[in-house]
Amino acid sequence: MSRSTSSEFFEVPESLWQRVEPLLPKYRVSPQGGRPRLPMRKVLAGILYVLRTGCQWKAMPREFGSGSAIHDYFQKWAESGLFEKLWRLALEEYDELVGIDWQWQSLDGALTKAPLGGEKNRPESDRSGQIGCEAVGLGRRCRRAVGRRYRRRECA
């Protein structure tokens with residue numbers, strides 16, 4: 001039984017590739033030589049893989065190519081406005097096929113605080129000014145609080 005790979009699952013369909021390929025920048029072969037460029041279809045597949053799965057660039061499967069190289073392509077394509085062009089073309093095509101009511105639109109989203117996030121340089125808490133070791137149980141040693149190593153205290 002053959003296992004399907006990530007690149008097979010996230011392969012760019014021919015119909016999509018025919019629409020996207022003419023919009024991609026054309027890269028020339030360097031006269032100085034060097035490493036050959038990645039195939040643009042694999043680069044696009046790698047970018048779509050990261051956008052679909054949310055994985056980190058360097059954690060993407062090597063079947064697409066180097067994560068950092070594909071990230072470089074993504075940055076250049078984003079700066080050139082390629083993804084905005086693709087979005088605009090997709091909207092125009094959808095509008096022709098199904099129709100978009102441009103008079104009324106809705107946007108859905110959720111903004112929440114990061115679970116472990118916090119603001120930097122926030123004010124100190126309102127806890128008491130006591131510093132560790134006030135109540136040490138039997139058979140336990142006194143431990144200093146992190147960042148308080150220069151204060152000398154006697155343990156109870």
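Above this note sits the structure.
None of the values given here were measured: they were computed from a predicted structure.

Enquirer: Teacher, can you tell me more about the overall build of the chain here?
Expert: If you tally the helices and strands in the chain, you get five helices and zero strands. Secondary structure elements of the chain, listed N to C terminal, follow the sequence α-α-α-α-α. Within the chain, the fraction of its 156 residues that count as buried is 18%. Pairs at least 24 residues apart make up 52% of the contacts formed inside the chain by residues separated by at least 6 positions. Split by element, the accessible area of the chain, about 14,200 Å² in all, is 51% carbon and sulfur.

Enquirer: What should I look at first to understand a nonpolar patch on the surface in this one?
Expert: A cluster of nonpolar side chains, Tyr94, Leu97 and Val98, forms an exposed patch at the surface whose accessible area comes to about 350 Å². On the secondary structure map, Tyr94 appears in helix α5 (residues 82-97).

Enquirer: So what exactly am I meant to see when it comes to α5 here?
Expert: Note on helix geometry: an α-helix contains 3.6 residues per turn, so any two residues three or four positions apart are oriented the same way. Between the first and last C-alpha of α5 there are 23 Å, a value that for 16 residues agrees with the 22 Å anticipated at 1.5 Å per step. One or two positions beyond α5, positive phi appears at Gly99, with a value near 100°.

Conventions and cut-offs
- Residues numbered from 1 in each chain as written.
- Predicted model: local features only at pLDDT ≥ 70, side-chain atom pairs only at ≥ 80, totals over all residues.
- Heavy atoms only, no water.
- Helix = DSSP H or I, 4+ residues; strand = E, 2+ residues; numbered from the N terminus.
- Buried < 20%, exposed > 50% of the residue type's maximum accessible area, 1.4 Å probe, protein only.
- Contact = heavy atoms within 4.5 Å.
- Areas by Shrake-Rupley, 256 points an atom, 1.4 Å probe, with all protein chains shown as cover.
- Patch = residues over 30% accessible without salt bridge, like charges linked within 9 Å, V, L, I, M, F, W, Y side chains within 5 Å.
- Salt bridge = Lys/Arg side-chain N within 4 Å of Asp/Glu carboxyl O.
- Expected span 1.5 Å × (residues − 1).

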